[in-house]
Amino acid sequence: MLGKCMKYELKAFAKLMLPMLGVFAFTWIIEVVLMNLGFKQGDFVILLLWICFIPMMFLSVIGIPLVCCIFGAKRYNDVFFSKKAYLMRPLPVKGKTLVISIVLNSVIWYVISAAVMILALLVPSFSQDPAQFLMNLGSLLKSLIEDRANWMSVAFSSFLTVLSVELMIMLAVTLASKHSGSRFGISFLYFLLISFVSSLFHGIFLRVFLGVFNTYSKDDSLFFTYFDIPTIIFRAVLSAGILIYLLWNADRKADVIQ
Amino acid sequence: MNDPILSARGLTKAYGSIPALNQLSIDIFKGRIVGLLGPNGSGKTTFIKLVAGLLFPNSGELAVGGMRIGPDTKRIVSYLPDRDYLPVSMRVNELLKLFGDFYDDFDRARAVDILSRLGIDFSQKFGTMSKGTRERVQLALTMSRQAELYLLDEPIAAVDPAARDYILRTVLQNYKEGSTVLISTHLIADVEPILDDVIMLQNGTLRLYGPADRIRADTGGSIDMLFREVYRC
């Protein structure tokens with residue numbers, strides 16, 4: 001049944017994500033085409049494209065994962081608590097299967113988005129000379145491999161950040177479902193509360209971690225950045241904890257009151 | 001003795017401090033068309049949603065076919081809510097595919113037959129249909145399942161008399177023989193002719209339950225008259 005749920009969730013996500021990724025990919029395809037037409041890096045047309053491309057890429061790096069995460073939480077609300085629940089909840093599927101299908105789809109689309117954006121990074125290294133292109137690509141890959149610990153830490157921490165935000169929104173929606181009145185407003189308030197509490201515990205956890213594992217020092221480049229090991233551990237534990245609660249709640253307490 | 005398809009013991013459900021069902025105990029038997037009657041707020045929809053798995057009881061027990069409410073009971077229960085519930089962006093052929101994917105007992109040929117007789121365009125989106133057509137599509141999908149228990153929540157509440165006749169005719173012509181149909185309604189006169197058994201709820205408790213013929217014989221009048229008398233304001 002998970003496969004069937006995934007199929008329908010994939011379609012639902014695709015309706016939103018494909019156009020967004022399409023617009024993003026279209027821009028760098030245009031740049032490649034322009035380069036094939038003889039325009040070079042530094043030409044006015046390419047410069048104009050970069051002026052458009054850079055802000056879009058910046059917004060996309062933050063925006064696309066954020067949209068993915070918010071849409072995942074919206075799908076959860078739709079499937080469990082809104083009108084669509086009258087179709088989805090009577091299906092012969094466990095509630096936890098529905099939750100897993102939604103979260104997995106968010107992860108899949110996050111990975112797809114990341115892959116599209118990474119491919120877009122290759123555009124600046126493109127050159128009409130195949131040998132030059134391969135050299136540029138080689139340099140890029142070499143720098144990624146040499147600094148792989150940091151890049152992997154950044155990637156994994158980014159992924160966990162988006163996932164934990166999505167799960168926190170889902171938890172807020174679940175808690176708000178017990179109330180009458182404006183569920184959007186109540187969900188937002190719950191989300192603020194959950195964010196505040198998780199930040200508090202994050203701070204406490206960091207201090208405890210520093211005290212227990214005192215191998216970290218101020219000189220350690222990994223520690224005082226956002227993408228540090230204790231933060232990764234905390235976000236992983238937070239995400240796992242919320243997910244376990246949502247899975248438990250899905251088959252025991254998630255009433256469709258609307 | 002006929003086995004019950006649906007059993008409730010001490011079933012209680014409250015929305016916060018507001019009780020919707022209070023210690024309801026009942027057995028509904030196989031092969032019966034049962035009217036679930038009561039005024040607004042009596043607990044009819046709450047009971048149906050509990051059986052369909054959209055709500056979880058505060059206490060008590062509920063079983064369908066001897067099984068606790070879950071994927072196995074949903075496999076044999078066909079539920080028609082009291083509202084539009086199908087996604088507005090889905091086309092009729094997509095809805096047929098979805099029902100076929102998830103419900104092993106879905107009879108696609110029957111659904112196609114019912115919808116074709118209604119002249120419905122299978123490529124049309126659900127949201128672009130008229131209200132009456134949407135209700136017919138929902139009913140066709142529900143009754144095209146070969147379920148053991150059909151839950152119809154207010155299927156004739158918001159339609160004209162001609163449509164009511166069509167809906168009741170569709171129910172009678174398409175439900176699986178030997179299965180149970182539980183129809184929740186407050187339009188007693190329309191459904192009374194087809195009912196085998198009658199359940200009357202009031203304030204979340206069981207007021208009356210028995211065969212329709214026996215109730216009519218005991219009271220000397222129709223179920224509709226009894227309803228008006230029992231629930232007189």
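Refer to the preceding data block for the structure.
Quick caveat, the model's predicted, so the values are computed rather than measured.

Reading guide: rules and limits
Residues numbered from 1 in each chain as written. Chains lettered and ligands numbered in written order. Predicted model: local features only at pLDDT ≥ 70, side-chain atom pairs only at ≥ 80, totals over all residues. Heavy atoms only, no water. Helix = DSSP H or I, 4+ residues; strand = E, 2+ residues; numbered from the N terminus. Rg over C-alpha atoms; globule rule 2.2 N^0.38 Å. Buried < 20%, exposed > 50% of the residue type's maximum accessible area, 1.4 Å probe, protein only. Contact = heavy atoms within 4.5 Å. Areas by Shrake-Rupley, 256 points an atom, 1.4 Å probe, with all protein chains shown as cover. Buried area = accessible area lost by both parts, 1.4 Å probe. Salt bridge = Lys/Arg side-chain N within 4 Å of Asp/Glu carboxyl O. Polar contact = N/O pair within 3.5 Å; in protein donor to acceptor, adjacent residues only side chain to side chain. Nonpolar A, V, L, I, M, F, W, Y, C, P; charged D, E, K, R; others polar. Pairing = 2+ DSSP bridges. Axes fitted to C-alpha atoms, helices over the stretch in contact; angles between N-to-C directions. Parallel < 35°, antiparallel > 145°, perpendicular 65-115°, else oblique. Left-handed = near helix turned anticlockwise from the far one by under 90°.

Participant: Help me out: how do you make sense of the overall build of chain B in this one?
Facilitator: In terms of regular secondary structure, chain B is built from nine helices and ten strands. Relative to the compact-globule value of 17 Å for 233 residues, chain B shows a C-alpha radius of gyration of 18 Å, a close match. In terms of overall dimensions, chain B has C-alpha extents of about 50 × 40 × 35 Å along its principal axes. Counting over 233 residues, chain B shows a buried share of 51%. Long-range contacts, defined as pairs at least 24 residues apart, comprise 68% of the intrachain contacts of chain B with a sequence gap of at least 6. Carbon and sulfur atoms make up 48% of the accessible area of chain B, which totals about 10,000 Å².

Participant: Explain the interface of chain B and chain A to me, please; I cannot follow it from the model alone.
Facilitator: One frequently used descriptor of interface size is the decrease in accessible area upon assembly of the parts. Contacts between the two partners involve 26 residues from chain B and, on the opposite side, 25 residues from chain A. Contact between chain B and chain A buries roughly 2,400 Å² in total, counting both sides, with carbon and sulfur atoms accounting for 63%. Area buried by chain B at its contact with chain A is led by B:Leu54, B:Phe56 and B:Phe102, which between them contribute 30% of it. At the boundary of chain B with chain A, the tally comes to two salt bridges. Counting the contacts that link chain B with chain A gives twelve residue pairs in polar contact (both at pLDDT 80 or more). Elements supplying a minimum of two residues to the side of chain B that touches chain A: β1 (4–15), α1 (44–52), α2 (71–74) and α3 (92–102) of chain B. Here the side of chain B that touches chain A gets five residues from one element, more than from any other, and that element is α3(B). Residues of the side of chain B that touches chain A, tallied by class, amount to 16 nonpolar, two polar and eight charged.

Participant: Looking at this structure, how should I read the side chain of A:Ser239?
Facilitator: Along the chain, A:Ser239 falls in helix α8 (residues 229–250). If sequence neighbours within four positions are ignored, A:Ser239 has contacts with A:Leu160, A:Leu163, A:Ser164 and A:Leu167.

Participant: For this particular structure, what's the right way to read the sheet that holds β1(B)?
Facilitator: Strand pairing in a sheet relies on backbone hydrogen bonds. The paired strands run either parallel or antiparallel. Residue and element names in this part refer to chain B. With antiparallel pairing, the four strands of this open sheet are ordered in space as β2-β1-β4-β5. Each having just a single partner strand, β2 (18–29) and β5 (67–68) make up the two edges of the open sheet. Alignment of β1 against strand β4 (residues 59–64), held across five bridges, turns out to be antiparallel. Bridge assignment links Arg 9 to a residue of β4, and that residue is Glu 61. On the sheet, α1 packs against β1, β2 and β4 and is oriented at approximately 115 degrees with respect to β1.

Participant: Sorry if this is basic, but what is going on with α1(B) here?
Facilitator: Side chains three or four residues apart in an α-helix point the same way, a direct result of the helix having 3.6 residues per turn. Counting buried residues in α1(B) gives eight out of nine residues, a clear majority hidden from the surface. Remark: B:Gly53 follows α1(B) within two positions and exhibits a positive phi of approximately 90 degrees.

Participant: I would appreciate a short explanation of the sheet that holds strand β10 (residues 205–211) of chain B in the present structure.
Facilitator: Residues and elements named next belong to chain B. Taken in spatial order, the six strands make up an open sheet running β6-β7-β8-β3-β9-β10, and their pairing is mixed. Pairing within the sheet leaves two strands with one partner each, and these edge strands are β6 (77–80) and β10. Each neighbouring strand pair of the sheet contributes to a mean axis angle of 15 degrees, computed without reference to strand direction. As paired elements, β6 and strand β7 (residues 149–153) share four bridges and run parallel to each other. Within β7, the residue paired with Leu 80 across the bridge is Leu 152.

Participant: Would you mind going over the pairing of β10(B) with me for this structure?
Facilitator: For a regular strand, side-chain orientation follows a simple rule: the groups alternate between the two sheet faces. Residues and elements named next belong to chain B. By the bridge criterion, six bridges tie strand β9 (residues 197–202) to β10 in an arrangement that is antiparallel. Bridged to Asp 197 within β10 is Pro 211. What sits between β9 and β10 in their antiparallel hairpin is a turn of two residues, with Asn 203 showing a positive phi close to 50 degrees.

Participant: Would you mind going over the packing of helix α5 (residues 131–143) of chain B against helix α6 (residues 161–174) of chain B with me for this structure?
Facilitator: The geometry of a pair of packed helices is captured by two quantities: the angle between their axes and the separation between those axes. Residue and element names in this part refer to chain B. Remark: α5 packs on α6, axes separated minimally by 10 Å, with the N-to-C direction vectors making an angle of 15 degrees. Put simply, α5 runs roughly parallel to α6. The two elements α5 and α6 cross, and the hand of that crossing is right-handed. Residues Arg 136, Leu 139 and Met 143 of α5 form the contact with α6, whose own contacting residues are Ala 163, Tyr 166, Ile 167, Thr 170, Val 171 and Asn 174. Classifying every residue of the contact of α5 with α6 gives six nonpolar, two polar and one charged.

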